[in-house]
Amino acid sequence: MKKKNYYFILVFLTLLFVPITSQSTTSKAFTQTGKCGKNAYWKFVPSSKKLFIWGTGAIDQTIEIDTNTLGPYKENSYVNIIIKEGITSIKMGTKTYGSSKNRGISVFQNIGWFPIKNLKCPDSLKTLSFGALYNQDIDNIYLGKNLSKIEDGAFYFCHLNNIYISSKNKHFIVKNHTIYTKDLRTLVCSKQLAKIKNLNFTIPNTVRTIRPLAFAHEASLKKVILPKNLRSIGGGAFFRCINLQNVNLTSKTKIKKLPDFDLRKYHIIRDNQLSLAYTSDSEEYPDLKYNANKDRNYFLGTFENCPLSSVTIPDQVVSLSSETFANGDDEFHVSPIGKIHFGKYFKGAINTRNIFEYSPNSCTLYSVQPNKITVAKENKKYCVKDNILYSKDQSILYYAGHAPLKKISKTKKVTISKKVHRIANGAFYDYYLYAADKGIKNVTLTFKGNIEYIGFMAFEYPSSLKKIVFEKNVNYVANHAFHSTTIREIICKGTMSHIQPYSIENSSIEYLKKYPKEMQEVIMARKTHIAQFH
């Protein structure tokens, strides 16, 4: 009996201590070290979750920490970073894969899944470069007395609660979670607390310049009051402020541009992904070839993805880009702009590019889809009639906004003057979407005059339209003019010619018999072509 008791006791002790020994072995922490610059080095101590950086010159190589040493993620866990004297700049990081380098990530991008509690920078630090703190969650950052250069976008997409800067710094000052130049004439960047909602932010009257990306991704903003003497708003300044509804731009605001922020020189694009909308192997847009120089993802619009209730384009702004008010990203899609007013000197192009291509001087209005459009009476290029934007002589229909609902609901008919000869790209894109939401459907659209040109995506997804009537001839129908159209009947009482092969691409042929014979022939030819290659 004694031998059996000893045996069971031995087994019990073995089962009891083996897991403990295994856990102790696998969770054993060890200090990690590496290089993060030509003459810069790092050391991570898992037991205290402290990252030490020392050396001289720039930090410009991404720090790689073995996350297995961090243990399981726990709420309120964090990492502290202490940068020693000698480091002079923090740049965008690079990560080497064999002979290639991956750019566009922060040097702190791969330190693990814990947020940074404190980032303490030394007095020797002089420069924060673009992307230095990209995509980081930081509770507190401490900046030294010799910091003299903060590049545009140094804090871009950085979730930051508190900024502290030495009172001895001669170049910058912090007020209300916002960095200004010492003279308060330039607003460098603003990082508001994430827990704050519906913030009304007043910019000091001393400010003349708002730097590029200054408020980018600030979801707390609801209203921004601009100073009267403002002279410049930098590219992407309010990019993806997804709750921003009010900015007091007026006709008299003395700024000349609403520029985009160009990411090309940093070799990165928004969200670190290329646009796949139109590539050489795209089935939906097989005729459109990808052009990196025109990729919209390289450019961040000043008010892109901002649900502004109303916006006035200052008189001194003569053109807008395709991204200024763009609202096309599904993840960040917001409510359309309520009203947009074009000033008396505005003469930039509107809806001249396809929706996938970037244009520095052509506003792609059909990706903005404002509820109402107005134009200053003195404007020599554009005019508005029944909430439809035309050229001054009404020969070109640029964009059909959400027309007055009362008029539509009574007649279910919209008639376009015989003066109109050209229908711009996206002119009726998602036409009357708002009206369709109100239950107003089965609208008939009639064009009285000869139509020389129907542009790209002119009638894509027209939510309320049931029928289109062309009283006279149609001379040219561009590729994708009726892409994915839901129009059930198209009548052309004259002749329809020069219908491009992809003009009705991806459209249902359910109503084919109610389309002009010229369109039927194009559809059938396209179907035959596709069948031959499958």
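Along each chain, the written sequence defines residue order, and numbers are assigned to residues from 1. In keeping with the predicted nature of the model, local features appear solely for residues at pLDDT of at least 70, side-chain atom pairs appear and are counted solely at 80 or more, and the whole-chain, interface and lining totals rest on all residues. Note: side-chain values were computed over all heavy atoms of the structure, leaving out hydrogens and water.

Focus on the overall build of the protein
In this description a helix means any DSSP run of H or I spanning at least four residues, a strand means any run of E spanning at least two, and both kinds are numbered starting from the N terminus. Broken down by element type, the protein carries four helices and 37 strands. Exposed residues in this analysis have more than 50% of their type's maximum accessible area, buried residues have under 20%, and partly exposed residues fall in between, with area computed by a 1.4 Å probe over protein chains only. A burial count over the protein gives 51% of its 534 residues as buried. Contacts are assigned to residue pairs with any non-hydrogen atoms lying within 4.5 Å of each other. Within the protein, residue pairs in contact and separated by at least 24 positions form 56% of the contacts whose partners lie at least 6 positions apart. Reported accessibility uses the Shrake-Rupley method at a 1.4 Å probe radius. Residues are deemed covered only where the shown protein chains occlude them. Within the structure as shown, the protein displays about 26,000 Å² of accessible surface, and the carbon and sulfur contribution to it stands at 51%.

Looking at unusual backbone geometry
Positioned with a positive phi, Asp-386 is a non-glycine residue whose angle comes to about 50°. Note that Asp-386 resides in the loop between β29 (382-385) and β30 (388-391). Note on Asp-386: relative accessible area 43%, which makes it partly exposed. Unlike most non-glycine residues, Gln-394 shows phi in positive territory, near 65°. With respect to the element layout, Gln-394 can be found in the loop between β30 and β31 (396-400).

Points about the nonpolar core
Judged by nonpolar contacts, the single largest core of 53 residues is most densely connected at Ile-210, Phe-215, Leu-226, Ile-233, Phe-238, Phe-325 and Phe-342. If you list the elements that add at least two residues to this core, you get β17 (199-202), β19 (221-225), β25 (339-342), β28 (372-375) and β31. Not counting the four nearest positions on each side in its chain, Ile-233 is found in contact with Ile-210, Leu-226, Phe-238, Leu-249, Ile-255, Lys-257, Leu-258, Pro-259 and Thr-302. The criterion is simple. A nonpolar core is a set of buried Ala, Val, Leu, Ile, Met, Phe, Trp, Tyr and Cys residues joined through side-chain atoms within 4.5 Å.

Section: the packing of aromatic side chains
What counts as a ring pair is set by centres within 6.5 Å for rings of Phe, Tyr and Trp (its six-membered ring), and what kind of pair is set by the plane angle: stacked under 30 degrees, edge-to-face over 60, tilted for all other angles. By the definition in use, this model includes 23 aromatic pairs. With a centroid separation of 5.6 Å and 10° between ring planes, the pair formed by Tyr-453 and Tyr-476 is classed as stacked. Linking Tyr-453 in strand β35 (residues 453-454) with Tyr-476 in the loop between β36 (465-470) and β37 (489-492), this pair joins segments that are 23 residues apart in sequence. Accessibility expressed as a relative area gives 22% for Tyr-453, which makes it partly exposed. Joined through ring pairs, the aromatic side chains of Phe-201, Phe-215, Phe-238, Phe-303 and Phe-325 make up one cluster. Two conditions define a charge located above a ring, namely a distance within 6 Å from the ring centre to NZ of Lys or CZ of Arg, and an angle within 35 degrees of the ring normal. Its end group placed over the ring of Tyr-78, Lys-117 keeps NZ or CZ at 5.7 Å from the ring centre.

What to know about the sheet that holds β25
Two orientations exist for strands paired in a sheet by backbone hydrogen bonds: parallel and antiparallel. A sheet is described by the order of its strands in space; here three strands give the open sequence β24-β25-β28, paired in parallel fashion. Every other strand in the sheet has two partners, leaving β24 (311-312) and β28 as the edge strands with one partner each. For two strands to count as paired, DSSP must find a minimum of two bridges between them. Pairing of β25 with β28 involves four bridges; the strand directions are parallel. For Lys-339, the partnering residue across the bridge sits in β28 and is Lys-372.

Things to note about the pairing of strand β5 (residues 79-83)
Here β5 lies mainly inside the structure; five of its five residues are buried. By the alternation rule, side chains of β5 split into Val-79, Ile-81 and Ile-83 and Asn-80 and Ile-82, which are all buried. Of the strand pairs in this sheet, β5 and strand β9 (residues 116-120) are connected by four bridges, and their pairing is parallel. Across the sheet, the residue bridging to Ile-82 is Lys-120, located in β9.

Some thoughts on the side chain of Glu-460
Along the chain, the position of Glu-460 falls in the loop between β35 and β36. In this structure Glu-460 is buried but unpaired, with Arg-296 as the nearest side chain of opposite charge at 12 Å. Among residues more than four places away in sequence, those in contact with Glu-460 are Tyr-285, Phe-428, Tyr-429, Asp-430, Ala-481, His-483 and Ser-484. Charge assignment in this entry is limited to Lys and Arg as positive and Asp and Glu as negative, and neither His nor the chain termini are counted. Salt bridges are counted wherever a side-chain nitrogen of Lys or Arg sits within 4 Å of a carboxyl oxygen of Asp or Glu.

Thoughts on the pairing of β29
Pairing geometry for β29 and β30, over four bridges, is antiparallel. Counted as the bridge partner of Lys-385 is Ile-388 from β30. Connecting β29 to the next strand, β30, in antiparallel fashion are two residues, including Asp-386 with a positive phi near 50°.

Describing the sheet that holds strand β10 (residues 127-128)
Taking strand neighbours across the sheet as the criterion, the four strands line up as β4-β6-β10-β12 in an open arrangement whose pairing is parallel. The open sheet terminates on both sides in strands that have one partner only, identified here as β4 (57-59) and β12 (149-150). One ladder, built from two bridges, connects strand β6 (residues 87-90) with β10; its direction is parallel. Following the sheet pairing, Ser-89 is matched in β10 by Thr-127.

Remarks on the pattern of salt bridges
For the structure shown, the criterion picks out eight salt bridges. Between Glu-323 and Arg-296 there is a salt bridge whose closest N-O contact spans 2.6 Å. Of the two residues, Glu-323 sits in the loop between β24 and β25 while Arg-296 sits in the loop between β22 (261-262) and β23 (299-300), which places them 27 residues apart along the sequence. When sorted by exposure, Glu-323 lands in the same class as Arg-296, which is buried. One salt bridge in this structure joins Glu-471 and Lys-493, with 3.3 Å as the shortest N-O distance. In this pair, Glu-471 is assigned in the loop between β36 and β37 and Lys-493 in the loop between β37 and α4 (517-532), connecting sequence segments 22 residues apart. Among the residues examined, Glu-471 registers a relative accessible area of 26% and is labelled partly exposed. With a relative accessible area of 56%, Lys-493 lands in the exposed category. Each of the salt bridges in this network shares a partner with another, and the network as a whole consists of Lys-448, Glu-471 and Lys-493.

Describing the confidence of the model for the protein
Looking at any residue, its pLDDT shows the predictor's confidence there, from 0 to 100. Residues of the protein with pLDDT of at least 70 account for 82%, and the chain-wide mean is 84. Low pLDDT, under 50, characterises residues 6-28; the predicted model gives this stretch zero contacts beyond four residues in sequence or across chains. Throughout residues 273-281 the model reports pLDDT below 50, and contacts reaching past four residues in sequence, or to other chains, amount to 24 contacts.

Observations concerning the environment of Phe-470
Tracing the backbone through its elements, the reader meets Phe-470 in strand β36. Look at Phe-470 and you get buried, because its relative accessible area is 0%. Sequence separation between Phe-470 and Met-496 is 26 residues; the distance between their C-alpha atoms is 9.4 Å. With residues up to four places along the chain from it excluded, the contact list for Phe-470 reads Ile-423, Phe-447, Ile-451, Ile-454, Ile-490, Ile-491, Cys-492, Lys-493, Gly-494 and Met-496.

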